[in-house]
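# Summary of the model geometry
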Amino acid sequence: MSLSYSHLPNSPGVYFFKNEKGEILYIGKAKNLRSRVASYFRPEVLLPKTATLMSQVKSLDYIAVESEIDALILESNQIKKYLPKYNIDLRDGKRFPYIEITIKDKMPLVRIKRSEDNPQAVYFGPYPTGSDVTSLLRFLRRIFPFASSSPRNGQNCLRSKLGHCPCGQYDKTGRAVYLINLRQLGDFLSGKRGLVQKRLEKEIHKLSKEEKFAQAQDLKQKLEKLDWLTAVRTNPFEYEFNP
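Residues numbered from 1 in each chain as written. Predicted model: local features only at pLDDT ≥ 70, side-chain atom pairs only at ≥ 80, totals over all residues. Heavy atoms only, no water.

Glancing now at the nonpolar core. Residues Ile99, Val110 and Leu185 are the most contacted members of the largest nonpolar core, which totals 34 residues. Mapped by element, the contributors of at least two residues to this core are helix H3 (68–82), strand E4 (98–101), helix H5 (130–140), helix H7 (172–189), helix H8 (193–209) and helix H9 (213–229). Core analysis: the second largest hydrophobic core is formed by 16 residues, Leu3, Ala30, Leu46 and Leu53 among them. (Core = buried A, V, L, I, M, F, W, Y, C linked by side-chain atoms within 4.5 Å. Buried < 20%, exposed > 50% of the residue type's maximum accessible area, 1.4 Å probe, protein only. Helix = DSSP H or I, 4+ residues; strand = E, 2+ residues; numbered from the N terminus.)

As structure tokens, then:
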């Protein structure tokens, strides 16, 4: 196969396998684009379905991003946009996971679902695996706290004691703050990370001018966590080969 991957960068991103007509057959994400795509060029280790896919691939394209999280979100949005044949076929009939936000509920919930079956909810995805979504939400709820289930018998959940769920402070003011968090969460999942960061920076500046330093500090911590979540990750052992 004359197809080459040597031009790909050693950075996170999303890759696109295309057929001779330029149609997208498969979309994937990678921590290291060149290394991940190179693995497809070892036919002796490919599963039969993957080998069938690669026999039809005539060109490839990619989009480099800053972090693995950015790659995951971009991959999800691109799969939803193009619905590539092999992203579906390689699932062996399993349904992709989605993130559901029941935005019309009195207390909107954020959950992992396998189908978009609630017309009153907003969905993000599909994502390649359930573990990807679980890990993503585990980190994001520390920045934008959300509820995953309704309080039972008026009892607050354990996460509320950690500040990761709003159910312990869901009065009129708490609801307003929660809806702002959900808006930020939705924008982040839509790939609008820059917009979310700019909003936080603007609000921090406003609160500081109003001398609401405690609130400004809370938002600054959110921004720092968001920066950490989307930071470029480097394997320290790579410096042995690429000093």
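There is more to say after this.
Contact geometry for H8 and H9: axes closest at 8 Å, N-to-C directions at 160°. Looking at the two axes, H8 sits roughly antiparallel to H9. Helix-helix and strand crossings are classified by hand; for H8 and H9 the assignment is left-handed. Where H8 abuts H9, its residues Val196, Gln197, Leu200, Glu201, Glu203, Ile204, Leu207 and Ser208 lie against Phe213, Gln215, Ala216, Leu219, Lys220, Leu223, Leu226 and Asp227. (Axes fitted to C-alpha atoms, helices over the stretch in contact; angles between N-to-C directions. Parallel < 35°, antiparallel > 145°, perpendicular 65-115°, else oblique. Left-handed = near helix turned anticlockwise from the far one by under 90°. Contact = heavy atoms within 4.5 Å.)

Right, let's talk about unusual backbone geometry for a bit. A cis amide bond links Gly125 with the next residue in sequence, Pro126, at an omega value of 10°. Along the polypeptide, Pro126 turns up in the loop between strand E6 (122–124) and H5. Phi at Leu83 takes a positive value of approximately 45°, unusual for a residue other than glycine. Among the structural elements, Leu83 can be located in the loop between H3 and helix H4 (85–89). Using a relative accessible area of 56% as the deciding quantity, one classes Leu83 as exposed.

A few words now on the packing of aromatic side chains. Scanning all chains against the criterion turns up eight aromatic pairs. Taken together, a centroid distance of 5.3 Å and an interplanar angle of 50° make the contact between Tyr15 and Phe17 tilted. Among the aromatic residues, ring-to-ring pairing joins Tyr15, Phe17, Tyr26 and Tyr40 into one connected group. Above the face of the Tyr86 ring, Lys85 is positioned so that its terminal group lies 5.4 Å from the ring centre. (Phe/Tyr/Trp six-rings, centres within 6.5 Å; stacked < 30°, edge-to-face > 60°. Lys NZ or Arg CZ within 6 Å of the ring centre and 35° of its normal.)

With respect to the helices and strands, Asp132 occurs in helix H5. Apart from the residues lying within four places of it in its own chain, the contact partners of Asp132 are Lys29 and Leu72.

Attention now moves to the sheet that holds strand E2 (residues 24–30). In space, the three strands of this open sheet follow the order E2-E1-E3, with antiparallel pairing throughout. In this open sheet, the two strands that pair with only one neighbour each are E2 and strand E3 (59–64). Here the strands of the sheet are splayed against their neighbours by 20° on average, with no regard to which way each runs. Pairing of strand E1 (residues 13–18) with E3, which is carried by six bridges, proceeds in the antiparallel orientation. The residue of E3 that forms the bridge with Val14 is Ile63. (Pairing = 2+ DSSP bridges.)

Let us look at the environment of Lys18. Looking at the secondary structure, you find Lys18 in strand E1. Separated by 35 residues in the primary sequence, Lys18 and Leu53 have C-alpha atoms spaced 9.7 Å apart. Contacts of Lys18, omitting those with residues within four sequence positions, involve Glu23, Ile24, Leu25, Gln56, Val57, Lys58, Ser59 and Asp61.

Moving on, we come to the sheet that holds E4. In spatial order, the strands read E5-E4-E6; together these three strands make up an open sheet with antiparallel pairing. Both edges of this open sheet fall to strand E5 (110–113) and E6, since each of them pairs with a single strand only. Across the sheet, the axes of successive neighbouring strands diverge by a mean angle of 30°, strand direction being ignored. The pairing of E4 with E5 spans four bridges and is classified as antiparallel. The residue bridging Ile101 from the neighbouring strand is Val110, located in E5. In this fold H5 packs onto E4 and E5, with an angle of close to 170° to the strand it touches most, E5.

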